[in-house]
Amino acid sequence: MSEITKTMEAAGKVLADTYFRQPVVLVKGSGMRVWDDTGKEYLDFVAGVAVCILGHSHPAVADALARQARELVHVSNLYYTEPQVRLAEWLTARSFAEKVFFCNSGAEANEAAIKLARIYQKKKGRPERYRIITAEKSFHGRTLTTLSATGQEKIQKGFEPLVQGFDHAPYNDLAAVEKAVTPETAGIMMEPVQGEGGVVAPDSGYLAGLRKICDRQGLLLIYDEVQTGMGRTGKLFGYEHENVAPDIMTLAKGLGNGLPVGAMLATSEAAAAFTPGTHASTFGGTPLICAAALAVCETLEKEGVLEKAREVSAHFIARLSELAARHKVVAEVRGRGLLLGLALKKEAGPLVGALRERGFLVNAVQGDVLRFVPPLVVTKKDVDALCGVLDELLKDF
Ligand code: PLP
C-alpha cells in the first residue's frame, strides 16, 4: 500500500468528501508519465479522465498559455476577443457545426444543449416539446439538470426532486427510442460511445437510426461528445465513424488538454434560437483558455496525433483481446480508438490498486470495467508494458 502522506491527511480535513481518490499525491507530469511526491513514476492510462489528449505539460500548450497570460486573460463576453473566434473557426471548419457557444465544462455544455433544444422548439411554435430522450447508463454531468438527463439512478439518488423532462431508453435500442418519443419530445441526446456507462460503442446503424427518428418527428439530435470528441475514438469526433451529423454537439475534456473549457456546437438553424440574453457564461471562452485550446487543436493536426493514435489503438485492442482469450475472468474487450474497456466478471477495484502499485494509472467504470483512456500520444511500448503487467495480475485475479 502507498503511504498516507501529510497532503492526504490534510485533504481529509479541508476538502469536501466527494471523490474516491487513489492514495497518491501527483506533483508532475510529462507526456504519458506522471510522478508522485515520493518520486515514483506512473504510466498514465487515465489522462485526467480522458482529458490530456496531447499528454501532460505539452510545451505548445504551455507556451500558448504563457504568451496569452501576458497579453489578456479575461474580459467577459461583453466584448469580442480573437482567440475565441479563432477556436470557433477551427471547430466549425472541421465539423457539421456553424456556431459555437463556449463554457467551462462538459456539464455546462450539456446544459446549453438542453436549453437550446427547449427554446428551439418554442421558437418553432411547438412549446409543448421540452422533453429529451437519453440512454440508460448514459452520463451527462453532475449539475441538477445534467444528472437528471443521466440514465443512472446512483448518480441521481438523494438529489430528488430531479429536473423534469428526461426519458431514458436502453442504448443501442432504436425501437425503445421510437417508443419513448411523445408529442412533448424536443430532442434525443446520446454519447457516440458511452464512456462512464461502461465503454459501450454504438451498433452500426444506431446513429443513422436516431437521425431518421429525429428528422421524421422534427426533433433535434444532440451528441454528447464530451468524452468521445477531440480524437478520443480515433476520429476527431465520434460521430464521424458513422458519418451521421447531429444538430447539436457538446465538447469539453480533450479540447483544453486539462484547461477548463466546454463548447456547444450547433447548426445555424438550431443555434438561431439563442439570441442575446438567452444564455451566458462569465468565464466561457476567455482569451486565455481559448488560446490554449487552439494550441491543442493545432498541435493535434501538426503532430499527426490521430493517425498515430489509430495505429496504437489497433495494437491495444489486439493485446487486450489476447488477455481476454487467456484469462477467464475477462468478459469482453470494448470501445473504440483510445476509449477502451476490459469488462471483467468481477469488481475491478483491486486491479486498479495493484496496477497503481506497479506504476500504472487506470480507473474502473460501472465497477467491473477497467477503462483505458490514455493520452493519444501513448505508444505501443507503453501499451505492451501495461498489458504485460495485466497479464501477470489477471493470473491470480
Ligand atoms: N458528458 C460525458 C459523456 C462525460 O463523460 C462527462 C464527464 O465524464 C460529462 C458529460 C461531464 O463533464 P464535466 O465533468 O466536465 O462536467
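As a reminder, the structure under discussion sits directly above these lines.
Scope of this entry: the structure provided in the associated data block. (Residues numbered from 1 in each chain as written. Predicted model: local features only at pLDDT ≥ 70, side-chain atom pairs only at ≥ 80, totals over all residues. Heavy atoms only, no water.)

Right, let's talk about the site of the ligand for a bit. Not every one of the 13 residues close to the ligand is listed here, only the nearest: Gly-106, Ala-107, Asp-224, Gln-227 and Lys-253. One of the side-chain nitrogen or oxygen atoms of Gln-227 is found 2.8 Å away from an oxygen atom of the ligand. The fraction of the free accessible surface of the ligand (390 Å²) that becomes covered by protein chains is 81%. Residue classes in the shell around the ligand are distributed as three nonpolar, six polar and four charged. (Near = heavy atom within 4 Å. Polar contact = N/O pair within 3.5 Å; in protein donor to acceptor, adjacent residues only side chain to side chain. Areas by Shrake-Rupley, 256 points an atom, 1.4 Å probe, with all protein chains shown as cover. Nonpolar A, V, L, I, M, F, W, Y, C, P; charged D, E, K, R; others polar.)

In terms of nonpolar packing, the biggest core is built from 80 residues, with Met-230, Leu-370, Phe-372 and Leu-390 touching the most fellow members. Tallying contributions element by element places helix 11 (residues 287-302) first for this core, with eight residues. Not counting residues up to four positions away in its chain, the partners in contact with Leu-390 are Leu-320, Leu-323, Leu-342, Leu-351, Leu-355, Leu-370 and Phe-372. Listed in part, the 23 residues of the second largest apolar core include Leu-116, Ala-117, Ala-149 and Ile-222. (Core = buried A, V, L, I, M, F, W, Y, C linked by side-chain atoms within 4.5 Å. Buried < 20%, exposed > 50% of the residue type's maximum accessible area, 1.4 Å probe, protein only. Helix = DSSP H or I, 4+ residues; strand = E, 2+ residues; numbered from the N terminus. Contact = heavy atoms within 4.5 Å.)

A few words on the packing of helix 12 (residues 305-326) against helix 14 (residues 380-395). It is the contact of helix 12 with helix 14, at a shortest axis distance of 10 Å, that shows an interaxial angle of 10°. It follows that helix 12 is roughly parallel to helix 14 by the angle criterion. Seen from helix 12, the contacting residues are Glu-311, Val-312, His-315, Phe-316, Arg-319, Leu-320, Leu-323 and Arg-326; seen from helix 14, they are Lys-380, Val-383, Asp-384, Leu-386, Cys-387, Gly-388, Leu-390, Asp-391 and Leu-394. (Axes fitted to C-alpha atoms, helices over the stretch in contact; angles between N-to-C directions. Parallel < 35°, antiparallel > 145°, perpendicular 65-115°, else oblique.)

Strand order in this open sheet of seven strands is 4-10-9-8-7-5-6, and the pairing throughout is mixed. The strands lining the two open edges of the sheet, one partner per strand, are strand 4 (99-103) and strand 6 (166-169). Strand-to-strand twist of the sheet, defined as the mean angle between neighbouring strand axes without regard to direction, takes the value 20°. Summarising the sheet, strand 8 (residues 220-224) and strand 9 (residues 248-251) pair through three bridges and their orientation is parallel. Bridge pairing in strand 9 links Asp-224 to Thr-250. Across the sheet, helix 5 (residues 106-123) is in contact with strand 4, strand 5 (131-135), strand 6, strand 7 (185-190), strand 8, strand 9 and strand 10 (262-266); its angle to strand 9 comes to roughly 165°. (Pairing = 2+ DSSP bridges.)

Inspection of the secondary structure assignment puts Ala-270 in helix 10 (residues 268-271). A relative accessible area of 1% means that Ala-270 is categorised as buried. Taking C-alpha positions, Ala-270 is 9.7 Å from Glu-98, a pair spaced 172 residues apart along the chain.

Another point: a nonpolar patch on the surface. Nonpolar side chains collect at one region of the surface, where Leu-144, Phe-159 and Leu-162 lie side by side and expose about 270 Å² of accessible area between them. Assignment of secondary structure puts Leu-144 in helix 6 (residues 144-149). (Patch = residues over 30% accessible without salt bridge, like charges linked within 9 Å, V, L, I, M, F, W, Y side chains within 5 Å. Salt bridge = Lys/Arg side-chain N within 4 Å of Asp/Glu carboxyl O.)

The subject of this paragraph is the pattern of salt bridges. Using the criterion set out here, one finds 16 salt bridges in the structure. Across the salt bridge formed by Lys-380 and Glu-311, the nearest N and O atoms sit 3.7 Å from each other. Of this pair, Lys-380 sits in helix 14 while Glu-311 sits in helix 12, and the two are 69 residues apart along the sequence. Take Lys-380: its relative accessible area is 37%, and that puts it in the partly exposed class. A residue is classified by how much of its surface remains accessible, and Glu-311, at 51% relative accessible area, is exposed. Linking Asp-384 and Arg-319 is a salt bridge whose minimum nitrogen-to-oxygen distance equals 2.7 Å.

What follows deals with helix 5. Its 18 residues place the ends of helix 5 26 Å apart at the C-alpha level, agreeing with the 26 Å of an ideal helix rising 1.5 Å per residue. Inspection of helix 5 places Gly-106, Ala-107, Ala-109, Asn-110, Glu-111, Ala-112, Ala-113, Ile-114, Leu-116, Ala-117, Tyr-120 and Gln-121 among the buried residues, and these make up the whole buried set. In this structure Ser-105 caps helix 5, since a side-chain oxygen of it lies 3.2 Å from the backbone nitrogen of Glu-108. In the segment just after helix 5, Gly-125 is the residue with positive phi, at about 85°. (Expected span 1.5 Å × (residues − 1).)

Attention shifts here to the packing of aromatic side chains. The tally for this structure, following the rule as stated, stands at six aromatic pairs. Ring geometry for Phe-237 and Tyr-239: centres 6.0 Å apart, planes at 0°, overall stacked. Classification of Tyr-239 as buried rests on a relative accessible area of 6%. Members of the aromatic cluster, connected to one another through ring pairs, are Phe-96, Tyr-223, Phe-237 and Tyr-239. Positioned above the aromatic ring of Phe-397, the side-chain terminus of Lys-346 is 4.4 Å from the ring centre. (Phe/Tyr/Trp six-rings, centres within 6.5 Å; stacked < 30°, edge-to-face > 60°. Lys NZ or Arg CZ within 6 Å of the ring centre and 35° of its normal.)

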